[in-house]
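# Structural overview
These are the residues of each chain, in order.
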Protein chains: 2
Amino acid sequence: MESQITETYFLSAARCTPEDELPLPALVQKLIDIATLHANRIDIGYDRLIKNNCAWVLSRVAIEMERWPGINESYSVTTWIVSLNRFYSDRAFRICDSDGNVIGHALTTWVAIDIDARRPANLLSLFPEELPVKGDIPPVKPFVRHSQIEIADEVTPYTFCYCDIDCNRHVNTTRYVELLLNRFDLGFFDENRISRFEIAFQNEAHFGDSVDVKIARSDNNEFRLEIADEKRTLTRAAITVTPRS
Amino acid sequence: MESQITETYFLSAARCTPEDELPLPALVQKLIDIATLHANRIDIGYDRLIKNNCAWVLSRVAIEMERWPGINESYSVTTWIVSLNRFYSDRAFRICDSDGNVIGHALTTWVAIDIDARRPANLLSLFPEELPVKGDIPPVKPFVRHSQIEIADEVTPYTFCYCDIDCNRHVNTTRYVELLLNRFDLGFFDENRISRFEIAFQNEAHFGDSVDVKIARSDNNEFRLEIADEKRTLTRAAITVTPRS
């Protein structure tokens, strides 16, 4: 069984940001796609889990990019499993340009949940066999456990719409990422590129849910963000940017 | 030169609607992608036009679907040029399921514009050579020239955000489509599938532009939609639905 797989993509003009780069939400979707593909190939995917009434749920993502793929550029994503224990599995990604130069890394944490009970399942019971765990830890700063934003610089209300909802009938991962990026204006991204993005998913949102998107600048180049409804925090995130030279 | 090309796609769970089908905005993006690919292959694409300071602009789209590709299903899109005159070019699409059954068609109209003057260019001057025009007209009802919505059933304000903007620094085509679909709720699409969608792009919107999204029910299964700012209509659209049995 393959301990890692690599997929190559081409970034067409129609899929670029205003800065002619791969959009962060599109990269997050690609990470999910290739993780799904690898899980299926090594038989720990949807088909296997659903027999136990379970499904993979993405819990945390951290991405660090030195450079973003540009317009009409090919790039590749490689993924492997870093670790797997009773509670969660860490999965790593390496992003390379068309010459094979490493331009970024990502680390994700996944849990399996019982679909009806919405509670975590024991991964070691679900997968008693030996899995192709490669182990290499990507050079990404560990996840930070962010506290609640007490004093936000800006609070923006939002109500989730039809196109935000995916086939699980929850708000889609990439929509959260877009909602966060939309707190910044075009000029901000013209002047800055995202060097690190981190997000933790805590509670699921559904069609019609109304939330507040909060943003707090923690220093010049770092921002903390939060999506919360009246009762619960849905996600916490942090964005670090680097001025474009 | 190929008078038509076909591309095959796979619809993964992560890319489905809540009804486990291919989302309309994703289909519109696929039509644009394959049109771009075919134009490049027959050397009437971006690289050729930019030498004359021109670019293709999508003017109108009409899509009619008998059935939508479903979760974990393969489907194919075939495209060809129907006609090309001084002012515009019509391009057709056929959507088939994995058994080769035709499940839908689309017709699009494209114009070339001078990038700086933002005015239409003469396609016959740009392409004096003989082009591989296949000619077959797809079985899609012709475009309807919709008048302005005078009395809307609902008007929703919206301001375009960072993730709505593409590499041309205009609002992306699929974002208009999403904005229109978001005027309906989840229950509506659980009970109805889109059988025809039509959109005409009249003016470009930019980052930060504030618009009104207007909707008017013209009969039980037909809706007219409009996106307009204070001065201009940006797009007019019509959606026809069929109750799911």
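The sections below set out a description of the structure shown in this document. Model, not experiment: these values are computed from the prediction.

### Structural notes on the packing of helix 1 (residues 24-41) of chain B against helix 4 (residues 173-181) of chain B
All names here are of chain B.
- Put simply, helix 1 and helix 4 touch, their axes get as near as 9 Å, and they point 160 degrees apart. Viewed along their axes, helix 1 and helix 4 adopt a mutual orientation that is roughly antiparallel. Remark: the crossing between helix 1 and helix 4 carries right-handed chirality. Taking contact as the criterion, the partners of Leu24, Pro25, Val28, Gln29 and Ile32 in helix 1 are, on helix 4, Thr173, Thr174, Val177, Glu178 and Leu181.
- Its residues placed into classes, the contact of helix 1 with helix 4 shows 6 nonpolar, 3 polar and 1 charged.

### Topic: the pattern of salt bridges
- Taken as a whole, this structure holds 37 salt bridges over all chains when the rule is applied.
- Of the charged contacts, one joins Arg175(A) and Asp164(A) as a salt bridge, the two residues approaching to 3.8 Å between their closest N and O atoms. Here the residue Arg175(A) occupies a position in helix 4 (residues 173-181), and Asp164(A) occupies one in the loop between strand 7 (154-159) and helix 4, the gap between them amounting to 11 residues.
- Given the relative accessible area of 3%, Asp164(A) is considered buried.
- The network of salt bridges with shared partners includes Asp164(A), Arg175(A), Glu178(A), Asp164(B), Arg175(B) and Glu178(B).

### Let's talk about the packing of aromatic side chains
- On inspection of all chains with the given rule, the structure shows 22 aromatic pairs over all chains.
- Between Phe189(A) and Tyr162(B) the ring centres are 4.2 Å apart and the planes differ by 35 degrees, which places this aromatic pair in the tilted class. Placement of the pair is Phe189(A) in helix 5 (residues 186-191) and Tyr162(B) in the loop between strand 7 (154-159) and helix 4, with the two residues belonging to separate chains.
- According to the relative accessible area criterion, Phe189(A) is buried, its value standing at 3%.
- Residue Tyr162(B) is classed as buried on the basis of its relative accessible area, which comes to 7%.
- For the ring pair Phe184(B) and Phe223(B), a centre distance of 5.0 Å and an interplane angle of 85 degrees mean the geometry is edge-to-face.

Scoring rules and cut-offs
Residues numbered from 1 in each chain as written. Chains lettered and ligands numbered in written order. Predicted model: local features only at pLDDT ≥ 70, side-chain atom pairs only at ≥ 80, totals over all residues. Heavy atoms only, no water. Axes fitted to C-alpha atoms, helices over the stretch in contact; angles between N-to-C directions. Helix = DSSP H or I, 4+ residues; strand = E, 2+ residues; numbered from the N terminus. Parallel < 35°, antiparallel > 145°, perpendicular 65-115°, else oblique. Left-handed = near helix turned anticlockwise from the far one by under 90°. Contact = heavy atoms within 4.5 Å. Nonpolar A, V, L, I, M, F, W, Y, C, P; charged D, E, K, R; others polar. Salt bridge = Lys/Arg side-chain N within 4 Å of Asp/Glu carboxyl O. Buried < 20%, exposed > 50% of the residue type's maximum accessible area, 1.4 Å probe, protein only. Phe/Tyr/Trp six-rings, centres within 6.5 Å; stacked < 30°, edge-to-face > 60°.

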